[in-house]
Amino acid sequence: NLLKEIGEEAIEKEELQAASTRLLLEEFRLELEQFRTLDLVQREAELITAIDNMLTVLNRDNPTTLEIGSGSGRLSEGLVNHLCYYFYGKRPSTFHGGIEDLAAKPPTSDRYKGMKISAWYKSYLHTLRILRNTSVHSQDEPETQFPVRLVPEDTWVLLVNLRRVVALHGQLVSNSFK
């Protein structure tokens, strides 16, 4: 079994059938489908691809933590690239650098002049970036770290953070921020 060989576990059917987990996955899937319809989102191929990939994972019967982590990270990076494009007219050179720029550097765009993302928005993005890196590169980590890898309970952290980041992003690009 390939999952066993890489130390990955599918989220158990009992956990997926738990009302709270099922509701979280379903609500986020519906919100992501709605977010995908925004005009400014529709214009960005990278973002549409990342959303479609995440929706593919969310529509699976038993997604793995690795799939949710990887999809969440890819979508988060697409969101950062998208905001950097609207704030500065270009994509960042790195995911980390893009997050830092959004939190510290004033936008060059007149539409977003004087704005920066909040410390907690920055924290959500870095959490998603770190968990994505852990998902994708967990086999590279020393077995002495604790915990050794992400587990199904970590999917809640991923989904709740990503859900909030998507909502904030939607508010920013539709200019309905306060």
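As shown above, the structure is provided for reference.
All of these numbers come straight from a predicted model, not from anything done at the bench.

### A closer look at the nonpolar core
So, step 1. Of all hydrophobic cores here, the largest spans 45 residues; its most connected members are Leu32, Met54 and Leu75.
So, step 2. With nine residues, helix H6 (residues 65-88) is the single largest residue contributor to this core.
So, step 3. With sequence-adjacent residues up to four places away left out, Leu75 is seen in contact with Leu32, Leu47, Ala50, Ile51, Met54, Leu162 and Val166.

### Let's talk about the pattern of salt bridges
So, step 1. Going through the model one piece at a time under the given rule, you end up with 13 salt bridges.
So, step 2. With its nearest N and O atoms 2.7 Å apart, the salt bridge here joins Glu33 to Arg29. Here Arg29 and Glu33 lie together in helix H3 (residues 19-35), a separation of four residues that amounts to about one turn.
So, step 3. In this structure Glu33 comes out as partly exposed when scored by relative accessible area, which is 31%.
So, step 4. Note that Arg163 and Glu31 form a salt bridge whose closest N and O atoms lie 2.8 Å from each other. Of the two residues, Arg163 sits in helix H9 (residues 154-173) while Glu31 sits in helix H3, which places them 132 residues apart along the sequence.
So, step 5. By sharing partners, the salt bridges in this structure join Glu46, Arg74, Glu77, Arg91 and Arg132 into a single network.

### A word on the environment of Cys84
So, step 1. Structurally, Cys84 can be placed in helix H6.
So, step 2. Given a relative accessible area of 1%, Cys84 falls into the buried group.
So, step 3. Distance in space between the C-alpha atoms of Cys84 and Ala50 is 16 Å, their sequence separation being 34 residues.
So, step 4. Apart from the residues lying within four places of it in its own chain, the contact partners of Cys84 are Gly89, Lys90, Pro92, Gly98 and Leu102.

### Some thoughts on the environment of Gly73
So, step 1. Within the secondary structure, Gly73 sits in helix H6.
So, step 2. Sequence separation between Gly73 and Ala104 is 31 residues, and the spatial gap between their C-alpha atoms is 21 Å.
So, step 3. Residue contacts for Gly73: discarding those within four places in its chain leaves Phe95, Leu128 and Arg132.

Rules of the game
Residues numbered from 1 in each chain as written. Predicted model: local features only at pLDDT ≥ 70, side-chain atom pairs only at ≥ 80, totals over all residues. Heavy atoms only, no water. Core = buried A, V, L, I, M, F, W, Y, C linked by side-chain atoms within 4.5 Å. Buried < 20%, exposed > 50% of the residue type's maximum accessible area, 1.4 Å probe, protein only. Helix = DSSP H or I, 4+ residues; strand = E, 2+ residues; numbered from the N terminus. Contact = heavy atoms within 4.5 Å. Salt bridge = Lys/Arg side-chain N within 4 Å of Asp/Glu carboxyl O.

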